[in-house]
Amino acid sequence: MIVAVPKEVYPGERRIALISQTLPSLTKAGLEVVIEAGAGEGINSKDADFEVQGGRVEQDRHRLLSQADIVLMVRGPGSDPDFPAADLDALKEGTTLISFTEPLAQPEIMKELAERKLTVFSMELMPRTTRAQSMDALSSMATIAGYKAVLAAADASPKLFPMFMTAAGTITPSRVFILGAGVAGLQAIATARRLGAVVEAFDIRPVVKEEVESLGAKFVQLELEAEDAQDTGGYATAQSEDFYRRQQELLAERIKNSDVVITTAAVPGKKSPVLIAEEVVAGMRPGSVIVDIAADKGGNCAVTKPGEKIIHKGVIVIGPLNIPAEVPVHASQMYSKNISTFLLHMVKEGKLELDLEDEITKGALVAHAGELVHQAVLDALK
């Protein structure tokens, strides 16, 4: 079977689905790996690097896609709303596509892929189980996002993060508040603590309190009870508008007293909940910083402008997009491990064999044999 790795076409995307060092594990399993020429440029990897590891380099993108049995990408259709129609037309019926696809946010595109009789796996839908841990690309990318968000905040802040005892007096540490204690939030906590800040964190899921405190941060508890705060996959679930309004009110004072706020709250397939109202931003001290990791889904801050760094009433508000692409070498290394492990999970004697009773295969499968098969995606179409 031919595994094709095309060059990413999404603007600013520097990652690649497979790094050269991963190729031997696939060729050993009986797969032929073909890379589009120049696909590794974003990570400073040359075509020769892939050839040395047993891959074949193809100059013609259409030929690459048309001969593929399996296509591995970072941003596939859905994740890239302007995914080239020519690329889709090049794929033969029955081709298996594995990538990020935003299936819950773009169910109509998933339906189109099903109608083209493509087999589609979405890396976003990977079950958060022990067995699937090494395939969890969302967690890998969230780790990078949480780390980089704190560095961006430290760079933008007019204050130092750690406490310094100097001959010129004592510099008090910055106060950092993390909203959302998922993978990105926990990494943000760890990074801010390593930089010497005093850190507090909040999450609607009380079960994360122990993890927050184990990283040296204080867990903020509110007199607020969420119904079904997380789903069976461990993701936060959407709450009512009244819940979010009350949450804003209770968080406002802590936000105003913080030097830096990192927001990470996201609900799969839905617009990010607004946790910081405009009037709360206006009440923060001038020079305070907000880094809104959820900017690509609308943002947790009411004044966030996705993809921009603005100053609102003296407060610096950063809305980064596609943070992992800013660290393409390690982001690609992690993603390559995730996607190759998932692929090899389904390969037997050089052939792709789908066990639709297997929780990992079934959990990530969006479309197969001309039909949408994932219930959450079908529900999103309604």
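Definitions and limits used
- Residues numbered from 1 in each chain as written.
- Predicted model: local features only at pLDDT ≥ 70, side-chain atom pairs only at ≥ 80, totals over all residues.
- Heavy atoms only, no water.
- Pairing = 2+ DSSP bridges.
- Helix = DSSP H or I, 4+ residues; strand = E, 2+ residues; numbered from the N terminus.
- Contact = heavy atoms within 4.5 Å.
- Expected span 1.5 Å × (residues − 1).
- Buried < 20%, exposed > 50% of the residue type's maximum accessible area, 1.4 Å probe, protein only.

**Student:** Can you help me understand the sheet that holds strand E2 (residues 32-36) in this one?
**Tutor:** What holds strands together in a sheet is hydrogen bonding between their backbones, with the strands either parallel or antiparallel. The eight strands are arranged E3-E2-E1-E4-E5-E6-E18-E19 in an open sheet whose pairing can be described as mixed. Two strands lie at the open edges of the sheet, namely strand E3 (56-58) and strand E19 (371-372), each paired on one side alone. One ladder, built from two bridges, connects strand E6 (residues 119-122) with strand E18 (residues 365-368); its direction is antiparallel. Along E18, the bridge assignment pairs Phe121 with Leu365.

**Student:** Which parts of the structure should I look at to understand the side chain of Ser79?
**Tutor:** Checked against the element boundaries, Ser79 lands in the loop between strand E4 (70-75) and helix H4 (85-90). Contacts of Ser79, omitting those with residues within four sequence positions, involve Tyr10, Phe100, Thr101 and Glu102.

**Student:** When you look at the environment of Ala380 in this model, what are you seeing that I'm missing?
**Tutor:** Mapped onto the elements, Ala380 comes out in helix H13 (residues 375-381). Along the sequence, Ala380 and Ala105 sit 275 residues apart, while their C-alpha atoms lie 7.7 Å from each other. The residues touching Ala380, leaving out its near neighbours within four places in the chain, are Leu104 and Pro107.

**Student:** Can you help me understand helix H7 (residues 183-194) in this one?
**Tutor:** Side chains that are three or four residues apart share a direction in an α-helix, a result of its 3.6 residues per turn. The end-to-end C-alpha distance of H7 is 17 Å, a good match for the 16 Å that 12 residues give at a rise of 1.5 Å each. Regarding H7, the residues found buried are Ala184, Gly185, Leu186, Ala188, Ile189, Ala190, Thr191 and Ala192. On its buried side, H7 packs onto helix H6 (137-156), strand E9 (175-179), strand E10 (198-202), helix H8 (209-214) and strand E12 (260-263). Backbone geometry just after H7 places Gly196 at a positive phi near 95°.

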